[in-house]
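Coordinate inspection notes
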Amino acid sequence: MTRKILHFRFVFILLVLLGFAVRELAYEHSPSWLRPGLKLCAYVANTADGTISVVDLVNLRVSATVNVGPTPSGIRAHPTRKEIWGVSTQGGYVWVLDAPTNTVVAHIPVGSQPFAVDFSPDGSRAYVAASGSNSLVAIDSATKQVVARARTGRKPWIAQATSDGRSVAVTIRDDATLQIFDAATLTLRATIPTAPAPEQFLVTNDGAIAFVVGTGTNQLSVVDLRRKALVAQLPLPGKPEAMFLKPDGGELYITVPEAHGITIINTYTHEVSDSIVLGAAPTRGVLDAENSVLYISDAAADHVIPVDMDYRTAESPIKVGEHPGACRLDPGETHNLLLVVDESSNDLAVIPAERSTNRSFITLIPLGNAPRDLAVKMF
């Protein structure tokens, strides 16, 4: 009898421990912070297929594949509407996906070769630069109609609204300039010289300074938007790939694959303040502002490197698929999930974002061909 009681207690303790283990795994490996009825999805643009893979991040599977047209890119989650926006670079239009039904509700012609879409701070307007048409358009988000159009310089690349909603800045690649337009009327306000072949840029939270990287030379242009003047040209150790601005605006992080790391810019003094060597070819990434962790994808080494920006230290790399590129964090308050698009193995790596010495991906979810851009939406 005593032996049976001991055996029963042993089995009972094992079951309790197993229950706690299952509960812990479920907590770590799923977004359990979601309220009932809420959905959390990733949207990945498959450039070779002309499709969007809709990934259910609760059940970790592709729930829909939506045809949006040739060469989809510039995918963005609308800030206030249950919609995903993007462009068809080859088709010359903006497409709009209704998130609850996974249906395309609009094709909006904007001109030849658009690359990206940006929204006004309140989400009422979308702005797109058409590189092949030398034009900038403003779209009403509710009616999906073009409400303003302006002529730009040669090959406008990216359009971005300032934080106050009053201006739209556009990099003009072939003219090596940054043009500033009135956000309401698209009237040209200023044309400011930059480094050759400007493409990407970031604007500080107060809308005062724009940082522009030029691919023609390894330079960073610092533009004062209030004075409408170029104030500095900073040399970089190689061709820049991506930029990340610290939330307080004090530092700018630039990935430079040729230098195998990150260059850090002091945004107050407009000087290169530091650099961190990370790996073979650090390219794209995402910044966890709350925890001061910058997740950088190393395209050549097939892993993601978490970097503690407070201490300037790289943590243990996280192995993912082949040629990792775009990275995003889920939009929840605690950022439970890190998402990484693997461009060569055509999959999405889903990783627990909390710090852990044994952090590894939860799963690899198959996507379409040549996935590039990524957006995440909770609704």
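Described in the following lines is the structure provided in the data block.

Conventions and cut-offs
- Residues numbered from 1 in each chain as written.
- Predicted model: local features only at pLDDT ≥ 70, side-chain atom pairs only at ≥ 80, totals over all residues.
- Heavy atoms only, no water.
- Helix = DSSP H or I, 4+ residues; strand = E, 2+ residues; numbered from the N terminus.
- Buried < 20%, exposed > 50% of the residue type's maximum accessible area, 1.4 Å probe, protein only.
- Contact = heavy atoms within 4.5 Å.
- Areas by Shrake-Rupley, 256 points an atom, 1.4 Å probe, with all protein chains shown as cover.
- Pairing = 2+ DSSP bridges.
- Axes fitted to C-alpha atoms, helices over the stretch in contact; angles between N-to-C directions.

A short note on the overall build of the protein
Check the secondary structure of the protein and you find one helix and 33 strands. Split into buried and exposed, the 379 residues of the protein put 53% on the buried side. Pairs at least 24 apart in sequence give 40% of the contacts found in the protein among residues at least 6 apart. As displayed, the protein offers around 16500 Å² of accessible surface, 52% of which is attributable to carbon and sulfur atoms.

Quick notes on the pairing of strand S12 (residues 156–161)
Here S12 lies mainly inside the structure; five of its six residues are buried. With four bridges joining them, S12 and strand S13 (residues 167–172) adopt antiparallel strand pairing. Counted as the bridge partner of Ala159 is Val170 from S13. The antiparallel hairpin formed by S12 and S13 contains five residues in its connecting segment, where Gly165 sits at a positive phi of about 75°.

Concerning the sheet that holds strand S14 (residues 177–182)
One open sheet holds the four strands; their spatial order is S12-S13-S14-S15, and the pairing between them is antiparallel. Lying at the two open borders of the sheet, with one neighbouring strand each, are S12 and strand S15 (188–193). For this sheet, the mean angle separating the axes of adjacent strands, direction not counted, is 20°. Relative to S15, S14 runs antiparallel, the two sharing five bridges. The residue of S15 that forms the bridge with Phe181 is Leu188.

Comments concerning the pairing of strand S11 (residues 145–151)
Relative to S11, strand S10 (residues 135–140) runs antiparallel, the two sharing six bridges. Paired with Val137 across the strands is Arg149, a residue of S11. Hairpin geometry of S10 and S11 is characterised by an intervening segment of four residues between the two adjacent antiparallel strands and by a positive phi of about 60° at Lys144.

Overview of the sheet that holds strand S4 (residues 72–77)
An order of S4-S5-S6-S7 is seen for the four strands of this open sheet, with the pairing classed as antiparallel. Each having just a single partner strand, S4 and strand S7 (103–109) make up the two edges of the open sheet. Each strand of the sheet is rotated relative to its neighbour by a mean of 20°, with strand direction disregarded. Summarising the sheet, strand S6 (residues 93–98) and S7 pair through six bridges and their orientation is antiparallel. Across the sheet, residue Trp95 finds its bridge partner in S7, namely His107.

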